[in-house]
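# Report on the structure
Spelled out, the chains give:
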Amino acid sequence: MKRTISVARTAVDLAHVNRVRSTTFGVRELRLKLGSATTRSNLAAHAPPPEKKEEGKNDFHFAPKEEKPKIVFKLDDRAKEIDKVILELFQRDKKDPVWKKELEEKDRAHGEHEIEWDGKIDKSEEFPESYITAEHSPYKLKLTIETKGVPDSVVAWTYFHVLIHSFKLELGDKTVLSRDVDKALWDV
């Protein structure tokens, strides 16, 4: 990493030294928040410790479409080193993300950011209604930064569950039943 800076000159006959530190930057936290409930933010082992005591839990859950938690993340980027911020969503037992989104420039700035999210993702065979489901829960939400520099924390992630908001059972048509025992149960 190359940096050009201005520093005070040390006089030739004096023993003091100017010390220059490179700027630190990176991801500081990622969590989902709904009301007072929040997920636990996880950082890599080499990342700087969190500024405040961890309050989130790994048993966070919500009902997609019906509830809209906020994706809350914090970036430390005073020197504007971050080029890209990418959110990825992983389902249980899958290596590849089921959803990926590059965030806009306004969401790459230094500080804390909030994005409202209702669980909507890209439509696929596993997600025909374009929403995450209880079937593939729990999920891992991951935020990764891309930069030409050397950040002290490249990634943060959090876990959450999806619950079923409601469901409705209806008795089907008796004519589709083939076994006598099923027809007898239908009449009960």
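Structure first, text after, so check above.
Small disclaimer: the values here were computed from a predicted structure and weren't measured. (Residues numbered from 1 in each chain as written. Predicted model: local features only at pLDDT ≥ 70, side-chain atom pairs only at ≥ 80, totals over all residues. Heavy atoms only, no water.)

Burial of nonpolar side chains together is a common tendency in soluble globular proteins. The biggest cluster of nonpolar side chains holds 27 residues, and the ones touching the most others in it are I71, L89, W117, I132, L141, L143 and F160. Contributions of two or more residues to this core are made by β1 (26-34), β5 (70-76), β6 (82-91), β9 (139-147) and β10 (155-162). In this structure, L141 is in contact with L30, L32, I71, L87, E88, L89, W99, A156, W157, T158 and F160, ignoring residues within four places of it in sequence. (Core = buried A, V, L, I, M, F, W, Y, C linked by side-chain atoms within 4.5 Å. Buried < 20%, exposed > 50% of the residue type's maximum accessible area, 1.4 Å probe, protein only. Helix = DSSP H or I, 4+ residues; strand = E, 2+ residues; numbered from the N terminus. Contact = heavy atoms within 4.5 Å.)

Turning next to the packing of aromatic side chains. Following the criterion strictly, the structure yields 6 aromatic pairs and no others. Between F62 and F160, the ring centres sit 5.6 Å apart and the planes meet at 35 degrees, which makes this aromatic pair tilted. Of this pair, F62 sits in strand β4 (residues 61-62) while F160 sits in strand β10, and the two are 98 residues apart along the sequence. F160 matches F62 in its accessibility class, with the two residues each being buried. (Phe/Tyr/Trp six-rings, centres within 6.5 Å; stacked < 30°, edge-to-face > 60°.)

A few words on a nonpolar patch on the surface. Taken together, the side chains of I164, F167 and L169 make up a nonpolar region of the molecular surface, amounting to roughly 430 Å² of accessible area. Tracing the backbone shows F167 in the loop between β10 and α1 (180-187). (Patch = residues over 30% accessible without salt bridge, like charges linked within 9 Å, V, L, I, M, F, W, Y side chains within 5 Å. Areas by Shrake-Rupley, 256 points an atom, 1.4 Å probe, with all protein chains shown as cover. Salt bridge = Lys/Arg side-chain N within 4 Å of Asp/Glu carboxyl O.)

Okay, the sheet that holds β1 next. Read across the open sheet, the 4 strands follow the order β2-β1-β5-β8; overall the sheet is antiparallel. Either end of the sheet is taken by a strand with one partner, and the two such strands are β2 (37-38) and β8 (111-116). With 7 bridges joining them, β1 and β5 adopt antiparallel strand pairing. Note on β5: the bridge partner recorded for G26 is D76. (Pairing = 2+ DSSP bridges.)

All right, on to the pattern of salt bridges then. Applying the stated criterion to the full structure yields 15 salt bridges. Here E88 and K142 are joined by a salt bridge, their closest N and O atoms 4.0 Å apart. Taken together, the residues span a long stretch of sequence, with E88 in strand β6 and K142 in strand β9 at a distance of 54 residues. As a salt-bridge pair, K168 and E170 come within 3.6 Å of each other at their nearest N and O atoms. The exposure class of E170 is exposed, given its relative accessible area of 65%.

Read these as geometric descriptors, not functional statements.
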